[in-house]
Amino acid sequence: MDPLVIRVHPSDNVAIVVRPEGLTEGAALPGGLVSREAVPQSHKVALHDIAAGAPILRYGAPIAFTTRAIPRGSWVRGELLTIPPAPDLDELPPATAVPPPQPPLEGFVFDGYRNADGTVGTRNILGFTTTVQCVVPTVEFAAERIRRELLPRYPGVDDVVALGHNYGCGVAIDAPGAAVPIRTVRNLALNPNLGGETLVVSLGCEKLQPDRLFPPGGECSRGGETLVRLQDDRHHGFAEMVAAIMEAAEKKLAVLARRRRVACPASGLVVGLQCGGSDAFSGVTANPAVGHAADLLVRAGATVIFSEVTEVRDASHLLTARCCSEDVARDFIREMRWYDDYLRRGGADRTANTTPGNKRGGLANIVEKAMGSVAKSGTSALMAVTAPGERVKAKGLVFAATPASDFICGTLQLAAGMNMHVFTTGEGTPYGLAMAPVIKIASRTALARRWPDLIDIDAGRIATGEATIESVGRELFDLILEVAGGRRRPCAETLRLHNPLALFNPGPVT
Ligand code: CA
């Protein structure tokens with residue numbers, strides 16, 4: 001089977017061109033339609049005559065309105081379209097179409113590292129929390145030496161990671177927005193893949209003092225942290241600072257090395273979903289396949305996190321309807337409203353999201369991108385909504401509010417407790433994280449073939465009819481369990497592609 005175009009929903013008046021070479025002028029399409037002009041791959045072709053001012057329907061929803069009449073067979077270019085307004089936050093339906101639970105999937109396990117707090121690690125990593133960016137190069141220097149000189153003696157430990165960031169001083173630390181980066185740094189230290197054995201490296205004079213980061217007696221003070229303060233009188237020079245970090249690290253390595261993988265139910269998985277470099281195929285191939293895997297994970301008792309506020313804002317009405325309760329719908333609306341205000345303060349709105357690459361990839365605007373993006377969430381009820389940097393405690397499908405920026409979203413999902421990351425891409429990105437394995441899925445076969453050593457799953461086979469949404473979703477579900485259990489390593493992990501952490505700081509700097 002070699003379809004020329006894909007229509008997602010029966011009511012759609014456009015279809016997406018599948019062939020890598022695009023459509024030529026005069027190409028015969030199903031239903032007697034003839035292409036009036038050349039249309040590039042992943043762009044839209046009009047299936048009917050569309051009047052001026054009429055909606056362009058994709059995913060069965062209006063993604064845009066036309067500025068002039070578009071004859072059938074034409075290329076529906078972005079410049080012929082205007083964007084509809086975002087759904088009104090005061091008019092969203094709360095918990096009006098809650099999907100009933102699907103039958104549970106029993107018996108799916110992976111070999112993970114059990115933590116004292118009930119979470120499960122998929123990797124066994126020593127993490128260095130840093131209170132301020134001043135110490136980051138020193139910690140990275142020490143981490144490099146630890147990897148070279150100490151780690152070979154502790155084969156049970158996967159890696160040593162400096163949780164570097166650009167926060168901690170020179171910031172308005174009492175401003176309301178400061179709560180977000182502070183709790184992010186705190187909760188990153190509690191990520192299940194760090195095993196509760198976090199080391200804290202502080203400078204001494206910074207605004208974000210260790211006690212402020214981990215308040216004594218607080219929920220996050222588990223006694224696992226060990227503190228090295230570089231300005232302490234006992235350190236004479238750089239070499240002694242590095243030696244102090246290495247000495248503290250070795251004690252933690254000895255503890256971590258004694259841990260063993262044990263069979264854990266799939267409910268120990270916390271899988272974060274994200275997309276980056278999306279194209280018009282993302283919403284047809286990769287994201288729906290991820291959505292199917294998300295449904296399987298939810299049925300197996302796992303936690304599935306999706307995020308990226310500006311990429312769900314235009315689907316708010318669909319998501320509040322799926323919330324399991326009116327309270328959860330209110331939480332969702334609260335996060336959307338907060339982000340609308342945040343963008344407005346910066347003189348922007350949700351339309352600032354799309355990139356030149358998205359548009360080249362056939363996405364007309366943020367509405368089209370959002371409708372494709374939410375396909376990642378599958379069909380389950382939305383069980384909880386968390387603010388940026390908060391830990392996710394619920395099982396099932398959870399919305400963790402984050403910016404769509406790949407690096408900030410990934411960082412905030414790690415802070416939420418993610419122990420596995422799934423990333424879909426259309427244009428391609430060599431993205432990766434140090435703290436959790438990243439499985440990458442291409443929306444098009446051409447990308448998967450061009451980047452065979454960076455892409456783990458080719459969802460483009462769905463467009464060409466070689467695979468189905470269900471079969472690729474199941475493939476991903478199985479791969480997640482294998483990677484979580486340490487039996488396989490995805491491309492980004494094998495290549496050690498570690499994008500730096502990127503905090504979300506909505507507060508002022510000083
Ligand atoms: Ca993203």
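Everything below is about the structure shown above.
The text that follows walks through the structure, step by step, so that each part is easy to find. (Residues numbered from 1 in each chain as written. Predicted model: local features only at pLDDT ≥ 70, side-chain atom pairs only at ≥ 80, totals over all residues. Heavy atoms only, no water.)

We now examine helix 13 (residues 469-484). Its 16 residues place the ends of helix 13 22 Å apart at the C-alpha level, agreeing with the 22 Å of an ideal helix rising 1.5 Å per residue. Every buried residue belonging to helix 13 is among Val472, Gly473, Leu476, Phe477, Leu479, Ile480, Leu481, Val483 and Ala484, and all of these are buried. Just beyond helix 13, the residue with positive phi is Gly486, at close to 80°. (Helix = DSSP H or I, 4+ residues; strand = E, 2+ residues; numbered from the N terminus. Expected span 1.5 Å × (residues − 1). Buried < 20%, exposed > 50% of the residue type's maximum accessible area, 1.4 Å probe, protein only.)

We now examine the state of the cysteines. What the rule picks out here adds up to zero disulfides. Cysteine Cys134 shares no disulfide, and the gap to the nearest cysteine sulfur, in Cys169, comes to 6.2 Å. Judged by its relative accessible area of 45%, Cys134 is partly exposed. Take Cys169: it sits in no disulfide, and the sulfur closest to it among the cysteines is that of Cys205, at 6.1 Å. (Disulfide = S-S within 2.5 Å.)

Our focus in this paragraph is the sheet that holds strand 1 (residues 5-6). Taken in spatial order, the three strands of this open sheet run 1-2-3, and their pairing is antiparallel. Each of the sheet's edge strands pairs with one partner strand only, and the pair in question is strand 1 and strand 3 (44-46). Direction of pairing for strand 2 (residues 14-17) relative to strand 3: antiparallel, over a ladder of three bridges. Pairing of Ala15 across the sheet is with Val45, part of strand 3. (Pairing = 2+ DSSP bridges.)

In spatial order, the strands read 8-7-13; together these three strands make up an open sheet with antiparallel pairing. Edge strands, defined here as strands with exactly one partner in the open sheet, are strand 8 (120-121) and strand 13 (262-265). Alignment of strand 7 (residues 109-114) against strand 8, held across two bridges, turns out to be antiparallel. The residue bridging Arg114 from the neighbouring strand is Val120, located in strand 8.

On to the coordination of the calcium ion. At this site the calcium ion is bound by Gln274 (OE1), Cys275 (O), Glu308 (OE), Ala404 (O) and Asp406 (OD), with donor distances of 2.3 to 2.5 Å. On the primary sequence, the residues serving as donors to the calcium ion are separated as Q-C-x32-E-x95-A-x1-D. Remark: Ala404 occurs in the loop between strand 17 (396-400) and helix 10 (406-416) and Glu308 occurs in the loop between strand 15 (303-306) and helix 6 (316-322); sequence separation between them is 96 residues. You can call Glu308 buried: its relative accessible area is 0%. (Donors = N, O, S within 2.8 Å, 3.2 Å for Na, K, Ca; no water.)

Another aspect to go through is helix 10. For helix 10, a buried count of ten out of eleven residues is recorded, marking the element as mostly surrounded by other parts of the structure. Within the sequence span of helix 10, burial applies to Asp406, Ile408, Cys409, Gly410, Thr411, Leu412, Gln413, Leu414, Ala415 and Ala416. As for helix 10, its buried residues are in contact with helix 2 (179-189), strand 14 (270-275), strand 15 and strand 18 (420-425). One or two steps after helix 10, the chain reaches Gly417, where phi turns positive at roughly 110°. (Contact = heavy atoms within 4.5 Å.)

Further remarks concern the nonpolar core. Counting residues in each nonpolar core, the largest one holds 76 residues, and the members touching the most others are Leu269, Phe332, Phe399, Ile441, Leu476 and Ile480. Examining the composition of this core, we find that eight residues originate from one element, helix 13, more than from any other. Counting only domains with at least three residues in this core, you end up with domain 1 (1-85) and domain 3 (271-494). Sequence-distant contacts of Ile441, that is, excluding residues within four places in its chain, are made with Ala286, Val290, Val422, Phe423, Thr424, Thr425, Ile455, Ile457, Ala459 and Leu476. By size, the runner-up hydrophobic cluster in this structure holds 29 residues, among which are Leu203, Ile245, Leu256 and Ala257. (Core = buried A, V, L, I, M, F, W, Y, C linked by side-chain atoms within 4.5 Å. Domains from an automatic or database assignment.)

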